[in-house]
Amino acid sequence: MLKYVIRRILQLIPVFLSVMVIIFTILYFTPGDPARIALGQEVTQEAIDAFRAEQGLDDPYIVQLGRYLYKAIFQGDLGYSYVMKSSVSSELANRIPTTIKLAFWSVVFSTLVGIPMGVISAIKQYSLLDSFVTLITLLGVSMPTFWFGLLVILAFSVHLGWFPSMGFSTVSEMVLPILTLSGSSIAIIARITRSSMLEVIRSDYIRTARAKGQKERVVIFRHALPNAMIPIMTIIGMQFGMLLGGSIITEAIFSISGVGRLMLEAINMRDYPIIQGGVLFISIAFSLINLVVDILYAFVDPRIHVK
Amino acid sequence: MAAKSNSLWKYTLIRLRRNYLAIFGFVVLLILIFVAIFAEQVAPFGYAEQDYMMIRKPPSEAHLLGTDEFGRDILSRLIFGSRVSLQVGLVAVSISLFAGGAIGAIAGYYGGRIDNILMRIMDVQLAIPTILLAIVISAALGPGLFNLMVAVGITSIPRFARLMRASVLSIKGMEFIEAARAMGASHTRIILMYILPNCMAPLIVQSTLSVANAILFAATLSFLGLGIQPPFPEWGGMLSAARPYLRNSAYMSIFPGLAIMITILALNFLGDGLRDALDPKQKR
């Protein structure tokens, strides 16, 4: 088991390296001079040249890439934001907790809502309730997050006035962003739970459990649900990653100062080091979560042999 | 060969016809395509036609869905906006279908080291959440319709590559491939003429669902200010422009979102229906 975990972690290293290379390369070939961005438009050519020489911006691509990788890996230095006038790592460190909090609570919320929805829908297949859940999940999957966010603000903030439409520090400020970010995840988790449960409920051991007179509640929660969990867990893990990416939109709508909004501002200002750092952080988080899900499989389902 | 694929399509059509949601999706899509092609004829106003007497007026008889902050007719802008969405959907998915399909076919067919290298590259791309990658690429390419299509198209290449590879692997070992090879067919010929036609079903389903995804991504990028630039209407961009007026003119935000949702819903219905109709596991 431990060997498996270690091997999986080691496998992530080339992935992270490649992500860094890809993002660096995309942004390197993006038009726009970092020196102009840092110094503004009204400076002399000499100042620009001096800045470029000092920052090593005139070095060939491969030298700059090598320097970026070396500093990031051996010194934990992700570069310096010309716009923010501070190091990328410290900017990220300020913003990461907010984004993780947002994504984490959204995953918790969508799991707590999505799984029961799917289970109920599967138990009462073809009932009115099932149709209702199916309709909701279809709408949820097809609804753009940013539109859902605006509707949520319209309903709960503008009309009812229950929750504020900005910020993310108090509990009441957290409600609407979490609801917005969870919207499509609830639908996806409910959908997978329903189909996974339907498959399990038809199996022989469920018939056996019922035949021996087991209470229906025990049949569903003790026998059926655990066996339906593998695909559900996969989806929840994937959702966590999607939510980290999707937090960009939610953070933009609710003016939350997390990594997503930081990156969006960086994109508008062409502040490349910040973009590189942000993408790297989200990709690392995404990969680690998927790794944790893979390892959890082995605990939930002993049939999965870890080679 | 021809007779076999004919009957496959006929069978698919028969099964699809029984699925009302899929038909609904198909009809909505046809209407959308019609509206997009004949936008000039269908739309009551031009997309940039401003009327300063009619700024931010709620839906009325003259302007069925109201007017925006420049007094432009929202319905007309939605109609012209459908062009962008459908174009982005089709072109972006074509990009990912061709690139991903080629990568997957080569990886699956040749196997070995090529397979390993190509699929590891795909894995790396999958390590970056798709919406994030789309945002970075479109930020790098700059605004514009074509750049938007490329940015959205690149993001789903791995999905098609994996799908194609899996299909090729399952078909590669079959006897008719061996027969073709024995007859002296070249690798390219075997891939294009014998393997590809037999991988069509999952590719079609994935393409339909990916169009929905592409439209959603395009709208998201435009909403974030990275896609189509004003004054040309794009549904996501319209929503973004309507945001400041959410409090007093909510209809400005509601209709573009509805347009996006209905389009995506239709594509999802059709995609799910196609999957059910084409899935051999469900055949009786």
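Residues numbered from 1 in each chain as written. Chains lettered and ligands numbered in written order. Predicted model: local features only at pLDDT ≥ 70, side-chain atom pairs only at ≥ 80, totals over all residues.

Trainee: Please give an account of the overall build of chain B that cites residues and values.
Mentor: When helices and strands are counted, chain B shows 13 helices and zero strands. Starting at the N terminus and walking to the C terminus, you meet the elements of chain B as α-α-α-α-α-α-α-α-α-α-α-α-α. Across chain B, every contact between residues at least 6 apart in sequence was considered, and the portion connecting residues at least 24 apart equals 69%. (Helix = DSSP H or I, 4+ residues; strand = E, 2+ residues; numbered from the N terminus. Contact = placed C-beta atoms within 7 Å.)

Trainee: Any details on the overall build of chain A? Residues and values, ideally.
Mentor: Assigned secondary structure in chain A consists of twelve helices and two strands. Of the regular secondary structure in chain A, the N- to C-terminal order runs α-α-α-α-β-β-α-α-α-α-α-α-α-α. Across its three principal axes, chain A shows a C-alpha extent of roughly 85 × 55 × 30 Å. When each of the 307 residues of chain A is scored for burial, the buried share is 40%. Looking at chain A alone, contacts between residues at least 24 apart form 72% of all its contacts between residues at least 6 apart. (Buried ≥ 20, exposed ≤ 12 C-beta atoms within 10 Å, placed from the backbone.)

Trainee: Tell me about the nonpolar core, and please be specific about residues and values.
Mentor: Within soluble globular proteins, side chains that are nonpolar generally end up buried alongside one another. Within the largest apolar cluster, 149 residues are counted, with the highest numbers of intra-cluster contacts made by Ile-135, Val-136, Val-152 and Ile-215 of chain B. Element by element, the count of residues in this core is highest for helix H10 (residues 216–254) of chain A, at 17 residues. (Core = buried A, V, L, I, M, F, W, Y, C linked by C-beta atoms within 7 Å.)

Trainee: Describe the packing of helix H1 (residues 2–28) of chain A against helix H6 (residues 130–141) of chain B, naming the residues involved and giving the relevant values.
Mentor: Two elements in contact, H1 of chain A and H6 of chain B, have axes whose closest approach is 9 Å; the angle formed by their N-to-C orientations is 25°. Judged by the inter-axis angle, H1 of chain A sits roughly parallel to H6 of chain B. Side by side, H1 of chain A and H6 of chain B meet where Ile-23, Ile-26 and Leu-27 of chain A of the first sit next to Val-136, Ile-137 and Ala-140 of chain B of the second. Broken down by class, the residue content of the contact of H1 of chain A with H6 of chain B amounts to six nonpolar, no polar and no charged. (Axes fitted to C-alpha atoms, helices over the stretch in contact; angles between N-to-C directions. Parallel < 35°, antiparallel > 145°, perpendicular 65-115°, else oblique. Nonpolar A, V, L, I, M, F, W, Y, C, P; charged D, E, K, R; others polar.)

Trainee: Break down the interface of chain B and chain A for me, citing the residues and quoting the values.
Mentor: Taken together, the contact between chain B and chain A spans 29 residues of the former and 35 residues of the latter. Looking at the side of chain B that touches chain A, the elements that each hand over two or more residues are helix H5 (112–126), H6, helix H11 (200–223) and helix H13 (251–278) of chain B. Residue composition of the side of chain B that touches chain A, grouped by class: 22 nonpolar, four polar and three charged.

Trainee: Provide a residue-level description of helix H4 (residues 61–74) of chain A, including the pertinent values.
Mentor: An α-helical turn contains 3.6 residues, so a residue and the one three or four places further along point in the same direction. If you check H4 of chain A, its first and last C-alpha atoms are 20 Å apart, about what 14 residues at 1.5 Å a residue would give, namely 20 Å. Positive backbone phi, at 65°, marks Gly-76 of chain A, one or two positions downstream of H4 of chain A. (Expected span 1.5 Å × (residues − 1).)

Trainee: A description of the confidence of the model for chain B should follow, citing residues and the corresponding values.
Mentor: Overall, the prediction assigns chain B a mean pLDDT of 84, with 95% of residues at 70 or greater. For this predicted complex, the interface confidence reaches an ipTM of 0.81, while the overall pTM sits at 0.85. (pLDDT = per-residue confidence, 0-100.)

Trainee: How would you sum up the environment of Leu-239 of chain B? Please name residues and give values.
Mentor: Its location among the elements puts Leu-239 of chain B in helix H12 (residues 235–242). A sequence separation of 105 residues divides Leu-239 of chain B from Ala-134 of chain B, and the C-alpha atoms of the two residues are 19 Å apart. Beyond its immediate stretch of four places on either side in the chain, Leu-239 of chain B contacts Phe-146, Trp-147 and Leu-150 of chain A together with Phe-223, Ser-253, Pro-256 and Gly-257 of chain B.

Trainee: How would you summarise the environment of Met-117 of chain A if you had to cite specific residues and measurements?
Mentor: All names here are of chain A. Its location among the elements puts Met-117 in helix H5 (residues 88–123). Residues Met-117 and Ser-283 lie 166 residues apart in sequence; the distance between their C-alpha atoms is 30 Å. Excluding residues that lie within four positions of it along the chain, Met-117 makes contacts with Val-133 and Ala-190.

Trainee: Break down unusual backbone geometry for me, with residues and values.
Mentor: Residue and element names in this part refer to chain A. Of note, the phi angle at Tyr-126 is positive, near 70°, even though the residue is not glycine. For Tyr-126, the position within the fold is in the loop between H5 and helix H6 (128–142). Residue classification places Tyr-126 among the exposed residues on the basis of 9 C-beta atoms within 10 Å. Of note, Ser-255 is a non-glycine position whose phi angle comes to about 50°, a positive value. If you trace the backbone, Ser-255 turns up in the loop between H10 and helix H11 (259–269).

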